[in-house]
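Breakdown of the fold
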Amino acid sequence: MRMSRRAWAVTAAVVLLLVAAVAVLLARRNGEATADKGAAAPKPALTVTTTTPQAATLPVRLAANGNIAAWQEASVGAEAGGLRITEVRVNVGDRVGKGQVLATFASDTLRAELAQARASVAEAQAAAAEAAANADRARSLQATGALSASQINQYLTAEQTARARVQAARAVFEAQQVRLAQSTLQAPDSGIISARTATVGQVVAPGAELFRLIRQGRLEWRAEVTGDELGRLSAGTPATVTAASGARLAGKVRMLGATVDPQSRIALVYVDLAPLPGPGNGSARAGMFARGEFDLGRTPALTVPQSALVLREGFSYVLRVGPDHRVAQLKVQTGRLAGDRIEIVGGLPPDARIVAKGAGFLNDGDLVRIVEGAPEPQAAAPAANGSAR
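If you're wondering where the values come from, they're calculated on a predicted model, not measured in any experiment.

**Some words on the overall build of the protein**
Scanning the protein from N- to C-terminus turns up four helices and 22 strands. When the 389 residues of the protein are sorted by exposure, 32% land in the buried category. Counted over contacts in the protein with a minimum sequence separation of 6, partners at least 24 positions apart contribute 77%. Accessible surface computed for the protein: about 22,900 Å², of which carbon and sulfur atoms make up 54%.

This is how it looks when you write it as structure tokens:
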């Protein structure tokens, strides 16, 4: 009886050991199968949307720097010397019209001299009338012989002399009228006062500058370009200028510089300016530094979203998605900016499908899962934010 129980116990232990061994073997086989299945279907590194390059027409712009200056400046000074300024009516920054009085001078002396000249004219006219009467009488007596030929000539000469004195007196009178008119200093043209040296009580010398005037208030941008760039511009080329104050102005090339500086190889381009509508755009002043761009037309281009571009080690890359959903890193050359898109000038086939967003998180050869995104708008003629030389 004892032997049978012992045999039963041994048999049960053997059975348990066999069951445990079978269970361990099955678990190992299941783990290996699961590992093989996972190796056959690797997990994607990222879920992305894709896009293709789009054709667009982008503007070609030439960037330049330069200074804003007055189109023309007029120097306004005193024509009559020795006069004292009694009133100054304008100041720097004032806009004036042609013929507007800028300053007045003391005119008492000039008025007295004008009255004296007027009296001299009257005196000369009276003497001329008397001489003319004497000459008429001499002519009437010439045939009778009552007067000698020399006496007749004296009367005729006195008449001519009296007429000449009248003309001389009138010339002096007109000169005094001019001097009196010069007692008010007037603007030779419309414009903006840019400088003033006139002060009340000042006695000015002839030709002394009292005001400086920006004619018609016109400003110009004197852009600096290289000799090579000069050939791309012509009179009438439009430009957009931004002054140091932030003012934005519309410009048009008026004239190209006649020479190129032999040291710097820089030429000047003269651009007429007009403020664009908007607050603060009238704050441009002569002497300000300004940067601008010339509009040279439009050319076709291949563009991609800026979000698709990856900068690595100083170079630009995009990630091209292959048929197996793995990405390949392509080095590209970029060009102009157009809103949120950038021009690709080399390194990318026009039919390539690339990662639209999140490319910075991927490496060459990574597996991605592609989802359909919202359709991109066509960029037929986007506004350019950059420049190309």
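**Focus: the side chain of S107**
Summarising the element assignment, S107 is placed in the loop between strand 7 (101-105) and helix 2 (108-141). Take S107: its relative accessible area is 13%, and that puts it in the buried class. Those residues in contact with S107 that sit more than four places away from it in its chain are L180 and S183.

**Let's talk about helix 2**
Here helix 2 is 34 residues long and its end C-alpha atoms lie 50 Å apart, about the 50 Å a rise of 1.5 Å per residue gives. Buried residues of helix 2: L110, L114, A117, V121, A124, A128, A131, N134, A135 and A138, and no others.

**Digging into the sheet that holds strand 9 (residues 191-196)**
As summarised here, the arrangement of the four strands in space is 4-11-9-6, forming an open sheet in which the pairing is antiparallel. This sheet does not close on itself; its edge strands, each paired only once, are strand 4 (73-77) and strand 6 (95-96). Pairing of strand 4 with strand 11 (residues 209-215) involves five bridges; the strand directions are antiparallel. Looking at strand 11, one finds that G77 is bridged to E209.

**Some points on unusual backbone geometry**
A positive phi angle, near 60 degrees, is found at R265, a position not held by glycine. Residues other than glycine seldom take positive phi values, yet E313 does so here, at roughly 55 degrees. Structurally, E313 can be placed in the loop between strand 17 (310-312) and strand 18 (315-321). For E313, a relative accessible area of 76% gives the class exposed.

**What to know about the nonpolar core**
Within the largest apolar cluster, 31 residues are counted, with the highest numbers of intra-cluster contacts made by V96, L102, F105, L185, L210 and F211. Those elements that provide at least two residues to this core are strand 4, strand 5 (83-88), strand 7, helix 2, helix 3 (149-181) and strand 11. Here the element with the most residues in this core is helix 2; it accounts for seven residues. If you look at the next biggest cluster of nonpolar residues, it comprises 22 residues, including L219, L230, L233 and V269.

**Description of the sheet that holds strand 5**
Taken in spatial order, the four strands line up as 8-7-5-10 in an open sheet, and their pairing is antiparallel. Two strands in the sheet have a free side with no partner beyond their single neighbour: strand 8 (184-186) and strand 10 (203-204). Two strands pair when backbone bridges link them, and strand 5 and strand 10 are joined in this way by two bridges, in the antiparallel orientation. Residue pairing in the sheet places L83 in a bridge with V204 of strand 10.

**Focus on the pattern of salt bridges**
Inspection of the entire model under this criterion finds twelve salt bridges. We note a salt bridge from R215 to D189, for which the minimum N-O separation is 2.9 Å. Placement of R215 in strand 11 and of D189 in the loop between strand 8 and strand 9 is noted, with a sequence separation of 26 residues between them. Of the charged contacts, one joins E209 and R212 as a salt bridge, the two residues approaching to 2.7 Å between their closest N and O atoms. Judged by its relative accessible area of 32%, E209 is partly exposed.

Procedures and definitions
- Residues numbered from 1 in each chain as written.
- Predicted model: local features only at pLDDT ≥ 70, side-chain atom pairs only at ≥ 80, totals over all residues.
- Heavy atoms only, no water.
- Helix = DSSP H or I, 4+ residues; strand = E, 2+ residues; numbered from the N terminus.
- Buried < 20%, exposed > 50% of the residue type's maximum accessible area, 1.4 Å probe, protein only.
- Contact = heavy atoms within 4.5 Å.
- Areas by Shrake-Rupley, 256 points an atom, 1.4 Å probe, with all protein chains shown as cover.
- Expected span 1.5 Å × (residues − 1).
- Pairing = 2+ DSSP bridges.
- Core = buried A, V, L, I, M, F, W, Y, C linked by side-chain atoms within 4.5 Å.
- Salt bridge = Lys/Arg side-chain N within 4 Å of Asp/Glu carboxyl O.

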